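A closer look at the structure
Residues per chain are reported as follows:
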Amino acid sequence: FGCARHSPNSSALHSLARKLRSPCRIFNIVYMISIIVPIYNREQTLRKCVDSILRQTWQNFELLLIDDGSHDGSGAICDEYARKDNRIKAFHKKNGGVSSARNVGLEHARGEWVSFVDADDFVGEHFLEYFFMHGCDADLLAQGITIVDANDLAIDIKREHDDCLTGVNIIDYALKGIQIDLFGYNVCKLFLRSIIVRNHLRYNEDIQQREDVLFMMEYLQFVRRIITVNAHQYYYWKPALGKQYRSQDHIGLNMRLYRTMLKARYAEERRREIMGLFYGYILGNLFFTDNIVPKGQYIEPFIQQFYAYRHVLPFWWYRKKMMPFVLFFRLFDCKALYVQTLRMIAKI
């Protein structure tokens, strides 16, 4: 199956799944999948989440429930499930955030593949199986995601296409995924544990927001092939999109994401697109975003790395929201004035 391109419609995909299970099953390749669920005060949704995982058609998995210092009954629920099913392991730790909980899961995972599920979400019964519909010869397997409201009604679907990506197409996949806000969702992907272990990859526990994007960027450096599947069996609870996060160093994070992405294979062939993307993000941070680190210290590094891209705002959001500034930079193409404007707007 390798990298042959497939494009069956959704009904054909479901029919094939029922008849053949997956290409990997045809060759009796039934991989162990480690499913990591970070949990903090989720007793209202945890049973639904775990039950949906236990209904999987792909039954060769271990389920790692990481209780991140919950104050409600979440920890007791984890222990209850662990007693009933030997595939389930419960871990209890002092509260340290979702990244630290996922890292505990990575330390104890034993499967060939690793998947993440949030405790307030749930998955369809074919969630794991559909990852392997077009084979297993890849470093990353991905499907789409369904966003649901409090009544479990789908209100948005972020889709993937059936495809196999190699070379510079991997960079294009990342660039597009960042634009449509799908790249950073770790929960609808399978990661090779061997890559994680060999390269000592972990979630950054100092970051409260977009830590999943950073993990994806770091993982991407070691990816040679990605298989994407036109399925969206992960159900993401919409209220989670409105989480309140502590302010953080957004500019520093975007600088790090930019440098990390440039380390990926074939990134040099898309340097202009990558720099244009992060020019827009960081400019937006300088103008509109609270930053716990003074913005002034980023002005000079920003100018040095991105000045050549001052006329490149690749996405409609930036063109619309920053039009006065873009027009200013075009009319007054003077570096000193450009620097002074950034300093003024960043309130230095």
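The shown structure was predicted, so the numbers you read here are calculated from the model rather than taken from an experiment. (Residues numbered from 1 in each chain as written. Predicted model: local features only at pLDDT ≥ 70, side-chain atom pairs only at ≥ 80, totals over all residues. Heavy atoms only, no water.)

Turning next to the packing of helix 11 (residues 271-288) against helix 15 (residues 335-345). Remark: helix 11 packs on helix 15, axes separated minimally by 8 Å, with the N-to-C direction vectors making an angle of 50°. When the interaxial angle is binned, helix 11 and helix 15 end up oblique. Between helix 11 and helix 15, the residues in contact are Tyr279, Leu283, Leu286 and Phe287 and Tyr338, Leu342 and Ile345, respectively. Tallied by class, residues from the contact of helix 11 with helix 15 come to seven nonpolar, no polar and no charged. (Axes fitted to C-alpha atoms, helices over the stretch in contact; angles between N-to-C directions. Helix = DSSP H or I, 4+ residues; strand = E, 2+ residues; numbered from the N terminus. Parallel < 35°, antiparallel > 145°, perpendicular 65-115°, else oblique. Contact = heavy atoms within 4.5 Å. Nonpolar A, V, L, I, M, F, W, Y, C, P; charged D, E, K, R; others polar.)

Looking at the element boundaries, Gly167 is found in the loop between strand 9 (163-166) and helix 7 (168-179). Gly167 sits 58 residues away from Arg225 along the chain, and the two C-alpha atoms are 7.8 Å apart. If sequence neighbours within four positions are ignored, Gly167 has contacts with Arg224 and Tyr266.

Another point: the nonpolar core. Counting residues in each nonpolar core, the largest one holds 110 residues, and the members touching the most others are Val37, Phe278 and Phe302. At ten residues, the largest contribution of residues to this core is made by helix 11. When sequence neighbours within four positions are dropped, the list of residues in contact with Val37 reads Cys49, Ile53, Leu63, Leu64, Leu65, Ile66, Val117, Asp118 and Ala119. (Core = buried A, V, L, I, M, F, W, Y, C linked by side-chain atoms within 4.5 Å. Buried < 20%, exposed > 50% of the residue type's maximum accessible area, 1.4 Å probe, protein only.)

Turning to the confidence of the model for the protein, a few remarks are in order. Per-residue pLDDT for the protein has a mean of 86; in total, 83% of the residues score no lower than 70. Below pLDDT 50 for its whole length, residues 4-20 participates in 19 contacts with residues either more than four positions away or in separate chains. (pLDDT = per-residue confidence, 0-100.)

Our focus in this paragraph is the layout of surface pockets. Of the voids in this model, the second largest pocket is the one considered here, and its volume is about 290 Å³. Forming the walls of the second largest pocket are 14 residues, and the residues nearest its centre are Glu160, His161, Leu165, Tyr173 and Lys176. Sorting the residues of the lining of the second largest pocket by element identifies strand 9 and helix 7 as the ones contributing at least two each. Looking at the lining of the second largest pocket, the element that brings in the most residues is helix 7, giving five residues. Here the lining of the second largest pocket is composed, by residue class, of four nonpolar, four polar and six charged. (1 Å grid on protein atoms, 1.4 Å probe; cavity = no way out; pocket = protein on both sides within 12 Å on 5 of 7 lines; lining within 4 Å. Points joined across faces, edges and corners; volume = space filled by probe spheres on them.)

As a further point, take the packing of helix 9 (residues 211-220) against helix 10 (residues 250-261). Running from N to C, helix 9 and helix 10 point in directions that differ by 20°, and their axes come no closer than 9 Å. Here helix 9 is positioned roughly parallel relative to helix 10, judged by the angle of their axes. In this structure, the crossing between helix 9 and helix 10 has a hand that is left-handed. Counting all contacts with helix 9, which are made through Val213, Leu214, Met217 and Glu218, the residues of helix 10 involved are Leu253, Arg256, Leu257, Thr260 and Met261. Residues belonging to the contact of helix 9 with helix 10 are distributed by class as follows: six nonpolar, one polar and two charged. (Left-handed = near helix turned anticlockwise from the far one by under 90°.)

For the rest of this paragraph, the subject is the pattern of salt bridges. Where side chains of opposite charge bring their charged atoms close, a pairing between them can arise. Within the structure shown, the criterion is met by 15 salt bridges. Asp118 is the partner of Arg102 in a salt bridge, and the nearest nitrogen-oxygen pair spans 3.3 Å. Here Arg102, found in helix 5 (residues 98-108), pairs with Asp118, found in the loop between strand 4 (113-116) and strand 5 (122-123); they are 16 residues apart in sequence, far enough to count as distant. Each member of the pair, Arg102 as well as Asp118, is classed as buried. The closest approach of N and O atoms between Arg343 and Glu300, which form a salt bridge, is 2.8 Å. Linking Arg343 in helix 15 with Glu300 in helix 12 (residues 296-306), this pair joins segments that are 43 residues apart in sequence. It is possible to trace a salt-bridge network through shared partners that takes in Arg47, Glu80 and Lys84. (Salt bridge = Lys/Arg side-chain N within 4 Å of Asp/Glu carboxyl O.)

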